[in-house]
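Given next are the chains, with one letter for each unit.
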Amino acid sequence: MGGNADEKEMTGGRRWLLLGMACVCTMLTFLNMGCITAATPDLSGTFVVGTLDVSWSGAACPLGTALSFTVAAYLWARLGLRRSLRTALLLMLAGTLAGLAADHFFIMVLARFLQGTGGGLALVYGTGLVNAALPPERRSPAMGVKLCSIGLASCASPVAGCLLVQYWHWKGLFVIVGAAAALLAVLTTLYVPNTKIPKNGKFDWFSFLALAAGCVCILMVLIYGETDGWTAPGVLCWMYGGFCSLVLAAISCMTHRTPLLDVRVLGNWRFLFGLLASLCNIFCICWVRVGTVQFMRNVMNYEPAGIAWVFLVLVAGFCAGAAIVLPLMQKGRLALRVGMMAGLLGLGSSAFFLSRLDAGCSWLDVAWPLGLFGVGYAFCLNVATPLALRGGG
């Protein structure tokens with residue numbers, strides 16, 4: 001089916017289907033990353049590994065997601081939207097099947113990496129689905145909904161994970177992700193147009209490998225630094241390796257004709273501010289999910305279902321914050337900056353209060369900082385992208 005035929009058929013229900021698929025791909029990616037957080041003790045018992053080693057099952061997924069972002073445009077330009085998205089979903093399905101069949105912890109880590117890689121690609125191509133479904137002048141509201149689906153899935157993933165662990169099994173996550181990925185792959189084959197973006201030269205393999213090595217080194221530092229000590233010789237070696245790898249990646253990006261990461265955009269300070277705020281969002285929500293769930297399970301001795309009820313406050317805070325901040329997206333730059341500063345203030349203050357929790361805290365001591373975090377997260381998430389996009393104006 002050619003591009004013109006695709007355009008002629010892009011009416012009514014098919015447009016809504018593509019928009020719905022974009023939101024489902026987005027939510028599936030973030031639910032996949034966050035749900036496993038509640039299953040750390042269960043994974044430790046199933047594979048007979050320490051809690052520290054189980055951290056790799058959580059880290060492998062975002063690692064795959066981060067690296068997949070760097071190859072998404074390359075695949076899109078050469079394979080087209082339909083085949084690229086189908087490849088992403090099949091990677092998620094392959095990771096799901098590997099996770100269900102895993103009898104060794106290394107296979108589980110590999111399965112999570114495959115799920116993260118497929119999920120990251122699907123997240124990027126979700127934007128392609130919005131672009132295919134709507135003309136440029138009608139995309140802004142849809143992108144706002146897509147941003148809200150990212151935040152909602154990020155906040156709700158611990159709730160879903162805790163309920164799965166309490167009332168089913170941690171493998172239920174893989175069943176749900178696999179079924180959704182398989183269904184989306186079929187819908188992609190039937191209804192997604194195979195539009196392409198312009199090719200941009202040869203792929204920067206050196207930067208990709210250097211960036212991958214740097215990310216692995218950073219993960220090693222984060223995983224082992226807290227137990228072995230941040231100044232332990234092994235941890236310092238990983239720090240040095242990560243620094244050298246990232247420097248090599250940066251040098252390669254500055255000298256390659258078609259760089260993996262175009263560092264020239266960093267000259268726009270508004271874009272850089274929006275980018276840093278987005279990275280802050282990702283780091284903070286990952287820290288809150290992992291740290292708070294583990295604290296409530298291991299220190300406060302809460303059952304997973306009780307943790308799910310507490311994290312519903314985070315979901316409610318995000319929804320309230322989104323309702324407040326979404327009108328700012330249609331305003332000028334000043335309103336966006338005020339929204340960003342308010343969001344960062346909410347993230348910072350809630351993180352401060354969460355870091356002071358101890359064994360004698362009640363569920364309310366955890367709940368209200370989570371609610372504040374949800375409001376700040378909604379502000380930052382929904383304001384960062386339009387602020388970055390308007391930076392060039």
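Rules used in this analysis
Residues numbered from 1 in each chain as written. Predicted model: local features only at pLDDT ≥ 70, side-chain atom pairs only at ≥ 80, totals over all residues. Heavy atoms only, no water. Helix = DSSP H or I, 4+ residues; strand = E, 2+ residues; numbered from the N terminus. Axes fitted to C-alpha atoms, helices over the stretch in contact; angles between N-to-C directions. Parallel < 35°, antiparallel > 145°, perpendicular 65-115°, else oblique. Left-handed = near helix turned anticlockwise from the far one by under 90°. Contact = heavy atoms within 4.5 Å. Nonpolar A, V, L, I, M, F, W, Y, C, P; charged D, E, K, R; others polar. Expected span 1.5 Å × (residues − 1). pLDDT = per-residue confidence, 0-100. Patch = residues over 30% accessible without salt bridge, like charges linked within 9 Å, V, L, I, M, F, W, Y side chains within 5 Å. Areas by Shrake-Rupley, 256 points an atom, 1.4 Å probe, with all protein chains shown as cover. Salt bridge = Lys/Arg side-chain N within 4 Å of Asp/Glu carboxyl O. Buried < 20%, exposed > 50% of the residue type's maximum accessible area, 1.4 Å probe, protein only. Phe/Tyr/Trp six-rings, centres within 6.5 Å; stacked < 30°, edge-to-face > 60°. Polar contact = N/O pair within 3.5 Å; in protein donor to acceptor, adjacent residues only side chain to side chain.

(A) Spatial organisation of unusual backbone geometry. A positive phi angle, near 60°, is found at Asn301, a position not held by glycine. Mapped onto the secondary structure, Asn301 falls in the loop between α11 (269-298) and α12 (304-325).

(B) Expanded view of the packing of helix α6 (residues 105-133) against helix α7 (residues 139-167). Relative to each other, α6 and α7 sit at 155°, their axes nearing to 10 Å. Considered as vectors, α6 and α7 are oriented roughly antiparallel to each other. Handedness of the crossing formed by α6 with α7: right-handed. On the side of α6, the interface is formed by Leu123, Gly126, Thr127, Val130 and Asn131, while α7 contributes Arg139, Ala142, Met143, Lys146 and Ile150. Residues that form the contact of α6 with α7 fall into these classes: five nonpolar, three polar and two charged.

(C) Structural detail: helix α9 (residues 205-228). For α9, which comprises 24 residues, the first-to-last C-alpha distance of 33 Å matches the rise-based estimate of 34 Å (1.5 Å per residue) to within 8%. Downstream of α9 by one or two residues, Gly229 has phi in the positive range, about 100°.

(D) Here's a closer look at the confidence of the model for the protein. The share of residues in the protein with pLDDT of 70 or more is 88%, and the mean pLDDT across the chain is 82. Residue range residues 1-8 is modelled with pLDDT below 50. Its contacts to residues more than four positions away, or to other chains, number six contacts.

(E) Quick look at a nonpolar patch on the surface. On the surface, a nonpolar cluster with roughly 520 Å² of combined accessible area is contributed by Ile218, Leu222, Trp230, Leu236, Met239 and Leu246. Take Leu236: it is sitting in helix α10 (residues 233-255). In this structure Leu236 comes out as partly exposed when scored by relative accessible area, which is 39%.

(F) Quick look at the packing of aromatic side chains. All chains considered together, the criterion is met by twelve aromatic pairs. Here the aromatic rings of Phe203 and Trp205 are separated by 4.7 Å at their centres, their planes lie at 75°, and the arrangement is edge-to-face. Connected via pairs of aromatic rings, a cluster forms that spans Phe47, Phe105, Trp170 and Phe174.

(G) A look at the side chain of Thr26. Position of Thr26 relative to the elements: it lies in helix α2 (residues 13-35). For Thr26, the side chain forms a polar contact with the main-chain oxygen of Ala22, separated by 2.9 Å. Each residue touching Thr26, except ones within four places of it in the same chain, is listed here: Leu123, Lys146, Ser149 and Ile150.

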